[in-house]
Structures are given as structure tokens and as C-alpha cells.
Amino acid sequence: MTTRRPDRADIEAALAQIAAVSEYDLKIKAHLEAVLSREAVATDALNTAERQLFSVLPVAVSSEDALAKAIREGAVTASAKLVAALREQALARLAIDNPAYSSYRKYR
């Protein structure tokens, strides 16, 4: 199953649809604006982490879906470098999506 991470355009489209008439709507809007703000600051770190992840692989893959398939098929096995690269990528994503997450705070 291919999943696509929401990008800036997706979030901006969601923001445009929020009428912000209730307190809940205002909280959702503020949360989405905070994600966009963090994304503006941390996108370079996430891109670097993703490049690093793909560079440590013994086979060429071009996406996370392809990496998952390669792992399932045994073409990629766990190594210290792979685990470290996966951790850095996950932490770079958490810096954008949810920096309050306890594991993010633990490792940063």
C-alpha cells in the first residue's frame, strides 16, 4: 500500500477549508499553521536524513515503499547503519509532525 505524506499544498488546502468558527476549529487551524512553520524550518534536515537513509542501503531504492518491499523480500537486512539512518529519518519527521512526542524528546 502506497501512502503519501501530506505536503504543504495539502495543509494549506485544509487551512482554507476551516471556517474557524468554533474554538475547536481555531485549535485545528493553529495546529496546522504550527506544522507548516516547523516544516519551513526542518525540511532540509528531513531531506538530509532521507538521503542518508537511501545512501546506506546495499540496493538502490527510490522510496520508502520500495525500501519496505526490499526489507520484506530480504534484499535489505538490518545493520547498525540502517537502524541509525531510520532513527534519524524518524526523528527528522517528528521534529515537524509532533516535536512533543516523548521519544523525540528522549533522543533529541
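Up top is the structure.
Thoughts on the overall build of the protein
Right, on to step 1. Counting its secondary structure elements, the protein contains five helices and zero strands.
Right, on to step 2. Shown N-terminal to C-terminal, the secondary structure of the protein runs as helices and strands in the order α-α-α-α-α.
Right, on to step 3. Since a compact globule built from 108 residues should have a radius of gyration of about 13 Å, the 17 Å found for the protein marks it as more spread out than a globular shape.
Right, on to step 4. By its C-alpha atoms, the protein is 50 × 30 × 20 Å across when sized along the principal axes.
Right, on to step 5. Looking at the protein as a whole, 22% of its 108 residues qualify as buried.
Right, on to step 6. In the protein, the share of contacts with a sequence separation of at least 24, taken over all contacts with a separation of at least 6, comes to 50%.
Right, on to step 7. Carbon and sulfur atoms make up 56% of the accessible area of the protein, which totals about 7,400 Å².
Right, on to step 8. Averaging the positions of the 15 positive and the 14 negative side-chain charges in the protein gives two centres separated by 7 Å.

Quick look at the environment of Ile96
Right, on to step 1. Following the sequence through the fold, Ile96 ends up in helix H4 (residues 80–97).
Right, on to step 2. Through-space distance from the C-alpha of Ile96 to that of Ala42 is 6.5 Å; in sequence the pair is 54 residues apart.
Right, on to step 3. Excluding residues within four positions of it along the chain, Ile96 makes contact with Arg5, Val35, Arg38, Glu39, Ala42, Thr43 and Leu46.

Re the pattern of salt bridges
Right, on to step 1. Considering all chains together, one arrives at four salt bridges under this definition.
Right, on to step 2. Between Glu64 and Arg93 there is a salt bridge, and its shortest N-O distance comes to 2.6 Å. With Glu64 in helix H3 (residues 64–72) and Arg93 in helix H4, this residue pair connects regions lying 29 residues apart in the sequence.
Right, on to step 3. Note on Arg93: relative accessible area 21%, which makes it partly exposed.
Right, on to step 4. A salt bridge links Glu73 to Lys69; its shortest N-O distance comes to 3.9 Å.
Right, on to step 5. Of the residues examined, Lys69 reaches a relative accessible area of 44% and is grouped as partly exposed.
Right, on to step 6. Overlapping salt bridges bring together Glu50, Glu64 and Arg93 as one network.

Some thoughts on the environment of Ala75
Right, on to step 1. The topology assignment puts Ala75 in the loop between H3 and H4.
Right, on to step 2. The spacing of Ala75 and Pro6 is 69 residues in sequence and 29 Å in space, taken between C-alpha atoms.

Calculation rules
Residues numbered from 1 in each chain as written. Predicted model: local features only at pLDDT ≥ 70, side-chain atom pairs only at ≥ 80, totals over all residues. Heavy atoms only, no water. Helix = DSSP H or I, 4+ residues; strand = E, 2+ residues; numbered from the N terminus. Rg over C-alpha atoms; globule rule 2.2 N^0.38 Å. Buried < 20%, exposed > 50% of the residue type's maximum accessible area, 1.4 Å probe, protein only. Contact = heavy atoms within 4.5 Å. Areas by Shrake-Rupley, 256 points an atom, 1.4 Å probe, with all protein chains shown as cover. Lys, Arg positive; Asp, Glu negative; His and termini not counted. Charge placed at Lys NZ, Arg CZ, Asp CG, Glu CD. Salt bridge = Lys/Arg side-chain N within 4 Å of Asp/Glu carboxyl O.

In short, the description is geometric, and any link to function would need to be established separately.
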